[in-house]
Amino acid sequence: MSEKVIADFVARFTLDTFDTPEPVRGRIVLSKKRLVLATDDSKTTIPLTAIFDVNVGHVPGDLESFFQDTITIAYRDGDARRTAVVEAGSEEVSRFKTVLFKAELTGSKAKVKHPARVGGRVTDATFRPAKLRIAPGTVRFEGPGSMTVELANVTYFQKEEREGEQVIVLRHAEEGQSVTSEFTLQSERKLNLLGRYLRLEYSELAREVEDVELSEDAMEALVAIYSGATSGDLAGMLGLDSSQVTMVLNDLTDEGLIEEGQKGVSLTAQGQLVVSDRIESVNT
């Protein structure tokens, strides 16, 4: 491989072209153009342009007994659809996921509308050209429509069709506010991969808050802060004295659901996600 190598490690893997599903141990090499899976006596080369999906953790049913921490890569081989499943330690899988998405997506031409909404208010922003950059923990669009999304702050995203064009609508926390951004890529394949990347990051955040248990006072305080209330408003709104409010806020801070900033108390991404789930459950 003459191009620059950006990942090179040894792991177990299997391909659906193998005679049996049992994994083999081999070398995984990634460049900006291709992914190579090699053993002492065989080599499979997958052009990055052939990859149409990447998933972490999900293993096809007939392979579950063979694998633990995995990354599954779906790609086209002529008219056929193929899969490769790579197993490594959880940290290696996480790093490989990031560098693979970075190799696929960084430099892609995009259009961005930011912010499309601030809270519930629609802005007059329009779509502007940008280039996509993937880095650990962030997605950045550089250009006249520059914006950076901290992936830990993503609270919602959805792919929608706008005037015949596929657009990703993304809600994220920014300086204590809920901001909605919209963007699209020239390549539908890359837009699908970006959607998968965001879904993986969002799922990790959602799992973190699944087990959070809150008292009714704490949940009401979260909803009040989400609606714009300050810490000074909470006593009257919740019917609590100041010492009880302090205890509720301390509990929410300990859970990572609120934080103190220059503008007072605000929700973290986790806090916004908890509130969003609460509002959705009430409305359904």
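Residues numbered from 1 in each chain as written. Predicted model: local features only at pLDDT ≥ 70, side-chain atom pairs only at ≥ 80, totals over all residues. Heavy atoms only, no water.

Draft legend 1. Main features of the nonpolar core. Counting residues in each nonpolar core, the largest one holds 48 residues, and the members touching the most others are Ile28, Leu35, Ile51, Phe96, Phe141, Leu194 and Leu198. What Leu194 contacts, discounting residues up to four positions off in sequence, is Leu105, Leu132, Ile134, Phe141, Ile168, Phe183 and Leu185. Core analysis: the next-biggest nonpolar cluster, separate from the first, contains 24 residues, Ala218, Ile258, Val274 and Val275 among them. (Core = buried A, V, L, I, M, F, W, Y, C linked by side-chain atoms within 4.5 Å. Buried < 20%, exposed > 50% of the residue type's maximum accessible area, 1.4 Å probe, protein only. Contact = heavy atoms within 4.5 Å.)

Draft legend 2. Quick look at the sheet that holds strand S2 (residues 24-31). Here we have seven strands laid out as an open sheet, ordered S4-S3-S2-S1-S7-S6-S5, and antiparallel in their pairing. The sheet terminates laterally at strand S4 (43-47) and strand S5 (51-56), the two strands that pair on one side only. Here the strands of the sheet are splayed against their neighbours by 30° on average, with no regard to which way each runs. Where S5 and strand S6 (residues 70-77) come together, five bridges link them in antiparallel fashion. Looking at the pairing, Ile51 lines up with Tyr75 of S6. Of the strands in this sheet, strand S1 (5-15), S2, strand S3 (34-38), S5 and S6 are in contact with helix H1 (residues 90-105), which crosses S6 at around 30°. (Pairing = 2+ DSSP bridges. Helix = DSSP H or I, 4+ residues; strand = E, 2+ residues; numbered from the N terminus. Axes fitted to C-alpha atoms, helices over the stretch in contact; angles between N-to-C directions.)

Draft legend 3. Geometry of the side chain of Ser31. Inspection of the secondary structure assignment puts Ser31 in strand S2. On the basis of relative accessible area, Ser31 is assigned to the buried category, the value being 0%. Of the polar contacts made by the side chain of Ser31, one reaches the side chain of Glu3; its length is 2.9 Å. (Polar contact = N/O pair within 3.5 Å; in protein donor to acceptor, adjacent residues only side chain to side chain.)

Draft legend 4. Structural context of the environment of Val24. Mapped onto the elements, Val24 comes out in strand S2. Take Val24: its relative accessible area is 30%, and that puts it in the partly exposed class. Between the C-alpha atom of Val24 and that of Leu234, which follows or precedes it by 210 residues, the distance is 59 Å.

Draft legend 5. Expanded view of helix H3 (residues 216-226). Buried residues of H3: Ala218, Met219, Ala221, Leu222, Ala224 and Ile225, and no others. A positive phi of about 110° marks Gly228, the residue just after H3.

Draft legend 6. The packing of aromatic side chains, seen in detail. Taken as a whole, this structure holds four aromatic pairs when the rule is applied. When the ring of Phe13 is compared with that of Phe18, the centres are 6.2 Å apart and the planes differ by 45°; the resulting orientation is tilted. For Phe18, a relative accessible area of 25% corresponds to the partly exposed category. Here the aromatic rings of Phe101 and Tyr197 are separated by 4.8 Å at their centres, their planes lie at 35°, and the arrangement is tilted. A residue pair is termed long-range when its members are at least 10 positions apart, and Phe101 in helix H1 and Tyr197 in helix H2 (residues 188-210) qualify at 96 residues. The pair Phe101 / Tyr197 is uniform in exposure class, with both members buried. Looking at Arg76, its charged tip hangs above the ring of Phe52, at a distance of 4.7 Å from the centre. Its guanidinium or amino end placed over the ring of Phe52, Arg81 lies 4.9 Å from that ring's centre, counting from NZ or CZ. (Phe/Tyr/Trp six-rings, centres within 6.5 Å; stacked < 30°, edge-to-face > 60°. Lys NZ or Arg CZ within 6 Å of the ring centre and 35° of its normal.)

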